[in-house]
Structures are given as structure tokens and as C-alpha cells.
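So you can see what is in the structure, the chains are spelled out below.
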Amino acid sequence: MRVDLHNHTTLCNHANGTMREYILKAIDLGIDIYGFSEHAPMDFDEGYRLPLSQKAFYENEVLTLKNEFKNEIDIVLGYEVDFMQHVPMKKEILNANVDYLIGSVHFLDGWGFDNPEFIGAYKDKDIDTIWQDYFDAIEAMANSSLFDIVGHLDLIKVFKFLPKKDIRLIAKKALLAIKKANMCVEINAAGFRKPIGEQYPSKELLECCFESDIPITFSSDAHEIAQIGFSYDKAIELAKAVGYFKCASYKNRERVLHTF
């Protein structure tokens, strides 16, 4: 069973290709369950996300494709929601009739730490403090109990600014919160395309997830057709090496486990 739950569309304003082209590529790659999880509307950084006015259009397009290709692939519907402690999330999204919600942290006090435009801010900050702030935000996101999947668990490593402190200690409380919230963690292949050159999360954090019995799923985080299924075999190999043999998908916010 091949699962790929975190993927985007042109409606976020920073992706290419039609939704139909994404599905045809997924079918060609033998993906069994494919998820669209567009960047959810929010009153912040609005140029990089779906406008609320297009919510119904997005959902209808996904459901139309789901019906059209029902005999070839299982298409599921979700959102990737930015968790920001000082910016409210849209109730229309949190209460949407979808299969799953991905909770992600892309901002720390308004700083888009994974955006190359703002990479210069790293030089003015203590790297261990940045990492702890990030995982504190992940912990708060999990404690909100609003989400099903943790998006790119250690995204803060994107530019390869790594902490001096043991990452497992930095992430410990966040992982406890993820477990308590009954969330799963995605193995996200986008990191292979970034300066860090590896998946999210790192092998050592994935081992911590396994030891805590936190389930996993798989994600391309595709913003282009060519990114669908990118380094999927590497992600599978890593998951098996750590000890996983099942991955999650979602239907109506309920988790289903599949052998991969």
C-alpha cells in the first residue's frame, strides 16, 4: 500500500500544475491513496495560501476528481493548517468536512524561518533557543488537539542550522504531546529537496517516534508534478530500518493503518 497525504495545488499561489495532472502522475507511480492538503486560509501571509473565498471550489474539485478516478486511486481531502499561537485559525477550516488536518509550524513570532527570503535572521539568534522555541510551538500545536498529522516534524533544520544540544532532548516534550494527542508523524520527502538534504524528521527523531509508538504516514509535500513520489523509496527504506511496517491514512478524521 502506497500512501501520500501531503500535497498542494496552484490555489496556494506557489505551486504548478493542475490537480488532474497531479492525480494522473500519482496513478502512474502506483500510489494507492493520494491526499490534497492545501495551505489553509489564514489572516497572515495570505499570498502563500488558499483564500477562504476559494475553500468551496477547492473541496469540490478534490471531490469531483475523487469520484472520477474512484476505480484507479483513492483521493482524500485535507488541509495543512499553520499553527501560530497569536494568529487565530479559521473555524471554517477546523470544522471542515475533510478526511484529515495537518498541523504545521512555519513561523516563530511571525518569522518565516523556512523561507529563504528571511534566512538572514538566523545570524542574530541563538540556534539552540530557536530550536527550543520551534519544538515548544510543536508541543502547543499537539496540545491543541485540533490536528491529525504533524507536518514536517523538524522543519527548523531546513537550512542546516543545527543545534549544539541533543535534538532528542529538545523535542522530548513535543513528542510526549504528539503521543498524548494521538497524532501521527509524516515522513516528508521535501527535505531531500532542501539544503538539509534529508527527510523530515531525522532518523534519530523517527526512532524516538517508534519507541513512543507514534504512527507514521508518508508525504511528498509536492508543489510541482515532478515532486510527487520524490524519494519515496528512501522514505520507505528508512521507515523499515527504524522498525515501522504500517502507515496511516485518514477517512473522515479517523485513522486507518496499512501495511507498506
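Anything mentioned here points back to the structure above.
Since the structure is predicted, the reported quantities are computational estimates derived from the model, not experimental observations. (Residues numbered from 1 in each chain as written. Predicted model: local features only at pLDDT ≥ 70, side-chain atom pairs only at ≥ 80, totals over all residues. Heavy atoms only, no water.)

**Q** I'm lost on the pairing of strand β4 (residues 100-104) in this one. Help?
**A** Residues in a regular strand point their side chains to alternate faces of the sheet. Across the 5 residues that make up β4, a large majority, 5, are buried. Of the two faces of β4, the one carrying Tyr100, Ile102 and Ser104 and the one carrying Leu101 and Gly103 are both buried. Here strand β3 (residues 74-82) runs beside β4; their pairing, made up of 5 bridges, is parallel. What sits directly across from Asp82, in β4, is Ser104. In terms of strand pairing, β4 meets strand β7 (residues 149-150) through 2 bridges, oriented parallel. Counted as the bridge partner of Gly103 is Val150 from β7. (Buried < 20%, exposed > 50% of the residue type's maximum accessible area, 1.4 Å probe, protein only. Helix = DSSP H or I, 4+ residues; strand = E, 2+ residues; numbered from the N terminus. Pairing = 2+ DSSP bridges.)

**Q** When you look at the state of the cysteines in this model, what are you seeing that I'm missing?
**A** Formally, a disulfide is one covalent bond, and it connects the sulfur atom of one cysteine to the sulfur atom of another. The full count for this structure, using the stated rule, is 0 disulfides. Free cysteine Cys209: the closest other cysteine sulfur is in Cys208, separated by 7.0 Å. Overall, Cys209 belongs to the buried group, its relative accessible area being 0%. A disulfide-free cysteine, Cys247 has its sulfur positioned 9.1 Å from the sulfur of Cys184, the nearest such atom. (Disulfide = S-S within 2.5 Å.)

**Q** What exactly am I supposed to notice about helix α4 (residues 127-143) here?
**A** Side chains that are three or four residues apart share a direction in an α-helix, a result of its 3.6 residues per turn. Across its 17 residues, α4 extends 24 Å between first and last C-alpha, which sits within 8% of the 24 Å expected from 1.5 Å per residue. Those residues of α4 that fall on the buried side of the exposure criterion are Ile127, Ile130, Trp131, Tyr134, Phe135, Ala137, Ile138, Glu139, Ala140, Met141 and Ala142. Those residues of α4 that are buried lie in contact with β4, β5 (107-108), β6 (111-112), β7, α5 (167-180) and α6 (203-211). (Expected span 1.5 Å × (residues − 1). Contact = heavy atoms within 4.5 Å.)

**Q** Got a minute to help me understand the packing of α6 against helix α7 (residues 232-242) in this structure?
**A** A packed helix pair is summarised by two numbers, namely the angle formed by the two axes and the spacing between the axes. Remark: α6 packs on α7, axes separated minimally by 10 Å, with the N-to-C direction vectors making an angle of 50°. Between α6 and α7, the crossing angle belongs to the class labelled oblique. You can see that α6 and α7 cross each other, and the crossing is right-handed. Residues Lys203, Leu206, Glu207 and Phe210 of α6 pack against Leu238, Ala239 and Val242 of α7. (Axes fitted to C-alpha atoms, helices over the stretch in contact; angles between N-to-C directions. Parallel < 35°, antiparallel > 145°, perpendicular 65-115°, else oblique. Left-handed = near helix turned anticlockwise from the far one by under 90°.)

**Q** Explanation requested: the sheet that holds strand β9 (residues 216-219) in the structure shown.
**A** Whenever strands of a sheet pair, they do so through backbone hydrogen bonds, lying parallel or antiparallel. Read from one edge of the open sheet, 7 strands run β1-β2-β3-β4-β7-β8-β9, paired in parallel fashion. Looking at the sheet topology across the chains shown, the edges are occupied by β1 (3-4) and β9. Alignment of strand β8 (residues 184-188) against β9, held across 4 bridges, turns out to be parallel. Residue Val185 lies in a different strand from β9, and its bridge partner there is Ile216. Sheet contacts for helix α2 (residues 55-68): β2 (33-39) and β3; angle to β3, the most-contacted strand, approximately 155°.

**Q** I would appreciate a short explanation of the environment of Lys25 in the present structure.
**A** Examined against the element boundaries, Lys25 turns out to sit in helix α1 (residues 19-28). In this structure, Lys25 is in contact with Ile225 and Ile228, ignoring residues within four places of it in sequence.

**Q** What is the right way to look at the nonpolar core in this model?
**A** Across soluble globular proteins, nonpolar side chains show a tendency to be buried alongside one another. Residues Phe36, Tyr79, Phe135, Leu153, Ile178 and Phe218 are the most contacted members of the largest nonpolar core, which totals 95 residues. The dominant element in this core, judged by the number of residues it contributes, is α4, at 10 residues. (Core = buried A, V, L, I, M, F, W, Y, C linked by side-chain atoms within 4.5 Å.)

**Q** Explain the layout of surface pockets here, please?
**A** Empty space among the atoms becomes visible once a probe the size of a water molecule is rolled across them. For the largest pocket, the calculated volume is near 670 Å³. Around the largest pocket, the lining is made up of 28 residues, and of these His14, His106, Asp114, Lys194 and His223 lie nearest the centre. Here the residues of the lining of the largest pocket are counted per class, giving 11 nonpolar, 9 polar and 8 charged. By volume, the second largest pocket amounts to about 330 Å³. Lining of the second largest pocket is provided by 17 residues; of these, Gln85, Phe107, Leu108, Asp109 and Gly110 occupy positions nearest its centre. Taken together, the elements giving at least two residues each to the lining of the second largest pocket come down to β5 and α4. When residues in the lining of the second largest pocket are grouped by element, the largest group, 5 residues, is from α4. (1 Å grid on protein atoms, 1.4 Å probe; cavity = no way out; pocket = protein on both sides within 12 Å on 5 of 7 lines; lining within 4 Å. Points joined across faces, edges and corners; volume = space filled by probe spheres on them. Nonpolar A, V, L, I, M, F, W, Y, C, P; charged D, E, K, R; others polar.)

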